[in-house]
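Breakdown of the fold
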Amino acid sequence: MAVEAMLEVLEKRRSVKPMMLAAPGPSAAELTRILSIAARVPDHKKLVPWRFIVFEGEARARIGEVFAAACKAEEKEPPSEVRLDIERKRFLRAPLVVAVVSSPKAGAPIPDWEQILSSGAAAFNLSLAATALGYGVCWITEWVAYSPMVQAALGLAGGEKIAGFVYIGTANVTPEERERPALADIVTRY
Ligand SMILES: Cc1cc2nc3c(=O)[nH]c(=O)nc-3n(C[C@H](O)[C@H](O)[C@H](O)COP(=O)(O)O)c2cc1C
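For clarity, every value in this text was computed on a predicted model and none was experimentally measured.

1. Brief notes about the site of the ligand
Inspection of the region around the ligand gives R13, R14, S15, W139, I140, T141, E142, A163, R178 and R180 as its neighbouring residues. One of the side-chain N or O atoms of S15 is found 2.5 Å from an oxygen atom in the ligand. In the environment of the ligand, an oxygen atom lies 2.8 Å from a nitrogen or oxygen atom belonging to the side chain of R178. For the ligand, whose unbound accessible area comes to 610 Å², protein coverage reaches 58%. Here the shell around the ligand is composed, by residue class, of 3 nonpolar, 2 polar and 5 charged.

2. What to know about unusual backbone geometry
Geometrically, the link from A23 to P24 is a cis peptide bond, its omega value of 0° lying close to zero. On the secondary structure map, P24 appears in the loop between β1 (21–22) and α2 (28–38). Not every positive phi belongs to a glycine, and V48 is a case in point at roughly 50°. Note that V48 resides in the loop between α2 and β2 (50–56).

3. Notes on the pairing of strand β4 (residues 136–140)
For β4, the buried fraction is high: 4 of the 5 residues fall into the buried class. Two strands pair when backbone bridges link them, and β4 and strand β5 (residues 161–171) are joined in this way by 5 bridges, in the antiparallel orientation. When the bridges of β5 are listed, W139 appears paired with V166.

4. A closer look at the packing of aromatic side chains
In this description, an aromatic ring pair is defined by two values, namely the gap between the centres and the angle between the planes. According to the stated counting rule, one finds 5 aromatic pairs in the structure shown. Note on F91 and F165: the rings are 5.2 Å apart at their centroids and 70° apart in plane angle, and the pair reads as edge-to-face. Of the two residues, F91 sits in the loop between α4 (81–88) and β3 (96–102) while F165 sits in strand β5, which places them 74 residues apart along the sequence. Judged on exposure class, the residue F91 and its partner F165 are both buried. Ring geometry for F91 and Y167: centres 5.6 Å apart, planes at 85°, overall edge-to-face. Placement of F91 in the loop between α4 and β3 and of Y167 in strand β5 is noted, with a sequence separation of 76 residues between them.

5. Some thoughts on the pattern of salt bridges
The full count for this structure, using the stated rule, is 11 salt bridges. E81 serves as the salt-bridge partner of R88, at 3.9 Å between the closest nitrogen and oxygen. With its nearest N and O atoms 2.8 Å apart, the salt bridge here joins E87 to R90. Here E87 falls in the buried class, since its relative accessible area comes to 1%. Salt bridges sharing partners connect three or more residues here, namely E75, R83, E87, R90, R93 and E142.

6. Comments concerning the packing of α2 against helix α5 (residues 112–132)
Where α2 contacts α5, the two axes come as close as 7 Å, and the packing angle between them is 145°. Here α2 and α5 pass one another in a crossing that is right-handed. Seen from α2, the contacting residues are I34, L35, I37 and A38; seen from α5, they are A122, N125, L126, A129 and A130. Taken together, the residues of the contact of α2 with α5 sort by class into 8 nonpolar, 1 polar and no charged.

Cut-offs applied
- Residues numbered from 1 in each chain as written.
- Predicted model: local features only at pLDDT ≥ 70, side-chain atom pairs only at ≥ 80, totals over all residues.
- Heavy atoms only, no water.
- Near = heavy atom within 4 Å.
- Polar contact = N/O pair within 3.5 Å; in protein donor to acceptor, adjacent residues only side chain to side chain.
- Areas by Shrake-Rupley, 256 points an atom, 1.4 Å probe, with all protein chains shown as cover.
- Nonpolar A, V, L, I, M, F, W, Y, C, P; charged D, E, K, R; others polar.
- Helix = DSSP H or I, 4+ residues; strand = E, 2+ residues; numbered from the N terminus.
- Buried < 20%, exposed > 50% of the residue type's maximum accessible area, 1.4 Å probe, protein only.
- Pairing = 2+ DSSP bridges.
- Phe/Tyr/Trp six-rings, centres within 6.5 Å; stacked < 30°, edge-to-face > 60°.
- Salt bridge = Lys/Arg side-chain N within 4 Å of Asp/Glu carboxyl O.
- Axes fitted to C-alpha atoms, helices over the stretch in contact; angles between N-to-C directions.
- Left-handed = near helix turned anticlockwise from the far one by under 90°.
- Contact = heavy atoms within 4.5 Å.

Shape is all these values report; function is a separate question.
Next up, the structure:
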């Protein structure tokens, strides 16, 4: 039953570490579907306060050069060759990475806070769509999301931020359950 299948995706979803995401990633048609679902989120006043940057194939190595250069320029201590190699390969951990950019519209009649929340919803809808298609998914930021050099290379305008990098691929592990908060600790009744 469709409802049960959907609830099962929600109840069982777990992040899969990027290192555990192998090829194949989503096909072109699946990616279009994933991005369309990501764009179908609550959005007060229909401002579209988010956008997506797709990294596939050799683009993942190309952005790796930016990561290595940013690491050299922004770290206090000169990074080792091992560290630079990790940076070059950062996006090669998975076949597909999608950057979700929070892009609040300045001067809009909606607080930035609500626009930023919408970008989180977009990142998670994207994650859930890929999960429902059977892929392993990980939504992370890491230092690269906050690096001014990386942000410039990605063409982020003033006010834009990286909501996350969503790594997608074929999971080669089944992650174990992790503890979740007890409802008694987080739910009250008014
Ligand atoms: C905005 C955001 C950024 C995150 N960044 C990282 C990160 O940089 N590194 C990390 O290990 N987990 C990060 N996480 C957490 C993972 O996405 C994930 O939730 C966590 O590993 C727990 O796994 P679960 O999703 O299966 O509960 C981030 C989560 C969010 C919402």
